[in-house]
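Report on the structure
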Amino acid sequence: MTTPLDPAAVIAEFIDRVSPYNPHPDVPPVAVVGLRTAFGEDVFTLSEHVIRAMCRALESYRDPEDRGNCTNCGGRHLDENLHCRDCGQLHGILGQVMAEHARRVAATGEDSP
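What you see is a predicted model; the values in this text were computed from it and never measured.

Each value, and the rule that gives it
Residues numbered from 1 in each chain as written. Predicted model: local features only at pLDDT ≥ 70, side-chain atom pairs only at ≥ 80, totals over all residues. Heavy atoms only, no water. Helix = DSSP H or I, 4+ residues; strand = E, 2+ residues; numbered from the N terminus. Expected span 1.5 Å × (residues − 1). Buried < 20%, exposed > 50% of the residue type's maximum accessible area, 1.4 Å probe, protein only. Arc of directions from axis to C-beta. Contact = heavy atoms within 4.5 Å. Salt bridge = Lys/Arg side-chain N within 4 Å of Asp/Glu carboxyl O. Pairing = 2+ DSSP bridges. Core = buried A, V, L, I, M, F, W, Y, C linked by side-chain atoms within 4.5 Å.

1. A few points about helix α2 (residues 48–60)
Here α2 spans 18 Å end to end across 13 residues, near enough to the 18 Å set by a 1.5 Å rise per residue. Of the residues making up α2, those classed as buried are V50, A53 and M54. For α2, the angular spread of the buried residues around the axis is 100°, confining them to a single face. Opposite the packed face of α2, turned more than 90 degrees from it, sit the exposed residues R56, E59 and S60. Contact partners of the buried residues in α2: α1 (7–18) and β2 (40–46).

Put into structure tokens, the structure is as follows:
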């Protein structure tokens, strides 16, 4: 069982981690972010330093499920074995080797490896 993620707590922890490194702590906030979740509502005032750090963090994030695009159909649903859930094609070196083997088998009419 996984613990529910509290987005407001994550944002507050991020602000706490980044704020001590603000080179201009006396400058007024430049952004206000409001958040409404099942846990409630929160409002965060952000310095330029924190909002820049947050933007960099969001820009650099890559979803762990992102394994690229299917070269056959362009879909974005490749599983951990690089098998496209949209069209069924297998990608990468393994997919290439299997496709070449399948073509050889089909050309020679072999039934076994």
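2. What to know about the pattern of salt bridges
Under the counting rule described, the total for this entry stands at four salt bridges. Of the charged contacts in the structure, one is a salt bridge between E48 and R52, with a shortest N-O distance of 2.8 Å. Linking E48 with R52, this pair stays in helix α2, spanning four residues, or about one helical turn. Judged by its relative accessible area of 42%, E48 is partly exposed. Residue D66 pairs with R76 through a salt bridge whose shortest N-O separation is 3.3 Å. On the criterion of sequence distance, the pair formed by D66 in the loop between α2 and α3 (92–108) and R76 in the loop between α2 and α3 is long-range, its members being ten residues apart.

3. Looking at the pairing of strand β1 (residues 31–37)
By the bridge criterion, seven bridges tie β1 to β2 in an arrangement that is antiparallel. Bridge pairing links T37 to G40 in β2. Counted along the chain from β1 to the antiparallel partner β2, the turn is two residues long.

4. What to know about the nonpolar core
A8, I11, F14, I15, V18, A31, F44, L46, V50, A53 and M54 form the largest nonpolar core, which has eleven residues in total. For this core, the secondary structure elements donating two or more residues are α1, β2 and α2. It is α1 that provides the largest number of residues to this core, a total of five residues. Each residue touching F14, except ones within four places of it in the same chain, is listed here: V50, A53, M54 and A57.

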